[in-house]
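Examining the three-dimensional arrangement
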Amino acid sequence: MADSCFQSDPDFCPECGTILPLPGSEEYVVCRKCDFKISVHNFEGKEICSEMVFNDPEVMLTNLATEDEGGELKGPVVDRKCSRCGHDGMVYHTRQTRSADEGQTVFYTCMNCRYQEKEDS
């Protein structure tokens, strides 16, 4: 095990700054980028906590169109006919609802009847 000339947070490699993998049953934690080794004894007594928070999809999909103080829809308007009332002109918003390598979803809201449609691109 080599000594580093830098001092860093124990979660990061002191040589290159990469996030270190979690300690396992091996004697050393090895940086995946620069192969710097740190003794697992340096991690004794450390508590590892993590949390994943997901957005509620129902809330995200129902609150797509924003309104100003007068109740008018705000946002860019496109020339699109509402499939419910036939009104020309819909406000649109985009969301990344699928994985990052897929296109975004476009949500249209009718300015007349507030009907919402979606289109995956």
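Below is a summary of the structure that appears in this document. Fair warning: this is a prediction, and the values are worked out from it, not measured in the lab.

Looking at the packing of aromatic side chains
Counted according to the given criterion, the structure contains 1 aromatic pair. Ring geometry for tyrosine 92 and tyrosine 108: centres 6.4 Å apart, planes at 50°, overall tilted. Note that tyrosine 92 is positioned in strand 6 (residues 88-95) and tyrosine 108 in strand 7 (residues 105-110), a separation of 16 residues in sequence. Its relative accessible area of 10% is what places tyrosine 108 among the buried residues. Geometry around tyrosine 28 places lysine 37 over its ring, the cationic atom sitting 5.7 Å from the centre. The ring of tyrosine 108 has arginine 80 sitting right over it, with the charged end atom 3.9 Å from the ring centre.

What about the nonpolar core?
The biggest cluster of nonpolar side chains holds 8 residues, and these are Cys13, Leu20, Val29, Cys31, Phe36, Ile38, Val40 and Phe43. Once residues lying within four places of it in the same chain are set aside, the contact partners of phenylalanine 43 are Pro10, Leu20, Pro23, Val29 and Ile38. Of all hydrophobic cores here, the second largest spans 5 residues; its members include Cys82, Met90, Val106 and Cys110.

Concerning the pattern of salt bridges
Tallied over the full model, the rule gives 3 salt bridges. Across the pair arginine 80 and glutamate 117 runs a salt bridge, and its minimum N-O distance is 3.1 Å. A residue pair is termed long-range when its members are at least 10 positions apart, and arginine 80 in strand 5 (residues 77-81) and glutamate 117 in strand 8 (residues 116-120) qualify at 37 residues. Two residues, arginine 98 and glutamate 102, come together in a salt bridge whose shortest N-O distance is 3.2 Å. Each of Arg80, Glu117 and Glu119 takes part in one network of salt bridges that share partners.

Concerning the sheet that holds strand 7
The strand order 5-6-7-8 describes an open sheet built from 4 strands, whose pairing is antiparallel. With one partner strand each, in any of the chains shown, strand 5 and strand 8 form the two edges of the open sheet. Here the average twist between neighbouring strands, direction ignored, is 40°. Of the pairings in the sheet, the one linking strand 7 to strand 8 comprises 5 bridges and is antiparallel in character. Its bridge partner lying in strand 8, phenylalanine 107 is registered against lysine 118.

Cut-offs used in this document
- Residues numbered from 1 in each chain as written.
- Predicted model: local features only at pLDDT ≥ 70, side-chain atom pairs only at ≥ 80, totals over all residues.
- Heavy atoms only, no water.
- Phe/Tyr/Trp six-rings, centres within 6.5 Å; stacked < 30°, edge-to-face > 60°.
- Helix = DSSP H or I, 4+ residues; strand = E, 2+ residues; numbered from the N terminus.
- Buried < 20%, exposed > 50% of the residue type's maximum accessible area, 1.4 Å probe, protein only.
- Lys NZ or Arg CZ within 6 Å of the ring centre and 35° of its normal.
- Core = buried A, V, L, I, M, F, W, Y, C linked by side-chain atoms within 4.5 Å.
- Contact = heavy atoms within 4.5 Å.
- Salt bridge = Lys/Arg side-chain N within 4 Å of Asp/Glu carboxyl O.
- Pairing = 2+ DSSP bridges.
- Axes fitted to C-alpha atoms, helices over the stretch in contact; angles between N-to-C directions.

Function-wise, these values are silent; they only describe arrangement.
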